[in-house]
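# Structure assessment
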Amino acid sequence: RIGCRNATRGEFSTMPKAERGTPKDIANRMKAKGLQKLKFYCQMCSKQCRDENGFKCHLTSDSHLRQMKIFSENSSGIMDSFSKEFEESYLETLRRRHGTKRMNANNVYQEVIQDRHHVHMNSTKWAT
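Residues numbered from 1 in each chain as written. Predicted model: local features only at pLDDT ≥ 70, side-chain atom pairs only at ≥ 80, totals over all residues. Heavy atoms only, no water.

## Concerning the overall build of the chain
Selection rule: In DSSP terms, a helix is any run of H or I states spanning at least four residues, a strand is any run of E spanning at least two, and both are numbered starting from the N terminus. Relative accessibility thresholds used throughout: buried, under 20% of the residue-type maximum; exposed, over 50%; partly exposed, between the two (1.4 Å probe, protein chains only). Using a 1.4 Å probe, accessible areas were evaluated by the Shrake-Rupley method; residue-level cover was limited to the displayed protein chains.
Along the backbone of the chain there are five helices and four strands. In the chain, the order of α-helices and β-strands from amino to carboxyl end is β-β-α-β-β-α-α-α-α. Across the 128 residues of the chain, 23% fall into the buried class. When the accessible surface of the chain is summed, it comes to about 10100 Å², and 51% of that surface belongs to carbon and sulfur atoms.

In C-alpha cells form, the structure reads like this:
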C-alpha cells in the first residue's frame, strides 16, 4: 500500500497509483525491475539514470562536472584502475564458478554483469 502515515491521527492516507501506460507508471516499473539500460549509466559517478533526459541532467550537474575534472587530471590512471578492477572481477568469476572448464567468454561476462555494482566494460581500456 502506497501512502504516508498521518502523524497526528496515526492513520494512512493513500496516494493513487500512476495510471497504467503513463510515463510515471513506466518509470516506476523500470525502477522496480532493478538493473536498467547500460546506456544511461555514468561510471565515474556510479549513477544510473532512468532515461535520456535524466542522463542529460546528470551530465550538467555540479557533482558530475567535478568528477570529470578529476578524470581529466588523471584519465589514464583512472582508466587503468577501472580496467584492473574489471579484469579482476572477470577472472575471479571464471576461477570460482568454472575452475578449469573451458567456457565461452561472453557467458562469463554475462555472469560478471549480474552484479549490480560491477565495473562496466565501456569504462575500461578494452572496446570488446
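## Thoughts on the packing of aromatic side chains
Using the following cut-off: Between the rings of Phe, Tyr and Trp (Trp by its six-membered ring), a pair exists once the centres lie within 6.5 Å; its type follows the angle of the planes, with under 30 degrees stacked, over 60 edge-to-face, and the other angles tilted.
Considering all chains together, one arrives at four aromatic pairs under this definition. Centroid distance Phe-86 to Trp-126: 6.4 Å. Interplanar angle 50 degrees. Geometry classified as tilted. Remark: Trp-126 occurs in the segment after helix H5 (105-112) and Phe-86 occurs in helix H4 (residues 75-98); sequence separation between them is 40 residues. Using a relative accessible area of 6% as the deciding quantity, one classes Phe-86 as buried. A connected cluster of aromatic rings, assembled from ring pairs, spans Phe-86, Tyr-90, Tyr-109 and Trp-126.

## Looking at the confidence of the model for the chain
The cut-off we apply is this: Confidence scores per residue from the predictor, reported as pLDDT, run from 0 to 100. Residue contacts are counted whenever heavy atoms from the two residues lie within 4.5 Å of one another.
On average, the chain scores 81 in pLDDT, and the residues at 70 or more come to 80%. The weakest mean pLDDT in the chain belongs to strand E1 (residues 3-5) at 45; the strongest belongs to helix H3 (residues 62-73) at 94. Below a pLDDT of 50 lies the segment residues 1-7, which in the model reaches 18 contacts outside its immediate sequence neighbourhood of four places, other chains included.

## Examining the pattern of salt bridges
Here is the rule we go by: Salt bridges are defined as contacts in which a side-chain nitrogen from Lys or Arg sits within 4 Å of a carboxyl oxygen from Asp or Glu.
Enumeration according to the criterion identifies six salt bridges in this entry. Residues Lys-69 and Glu-73 are paired through a salt bridge, measuring 3.3 Å at the closest nitrogen-oxygen approach. A residue pair is termed a helical-turn pair when its members lie 3 or 4 positions apart in one helix, as Lys-69 and Glu-73 do in helix H3 at four residues. Per residue, the accessibility class of Lys-69 equals that of Glu-73, and both read exposed. Note that Glu-92 is salt-bridged to Arg-95, the shortest N-O span being 2.9 Å. On the criterion of helical spacing, the pair formed by Glu-92 and Arg-95 is a turn pair, its members being three residues apart in helix H4. Judged by relative accessible area, Arg-95 falls into the exposed class, the value being 52%. Overlapping salt bridges, with partners in common, bring together Glu-92, Arg-95 and Arg-96 in one network.

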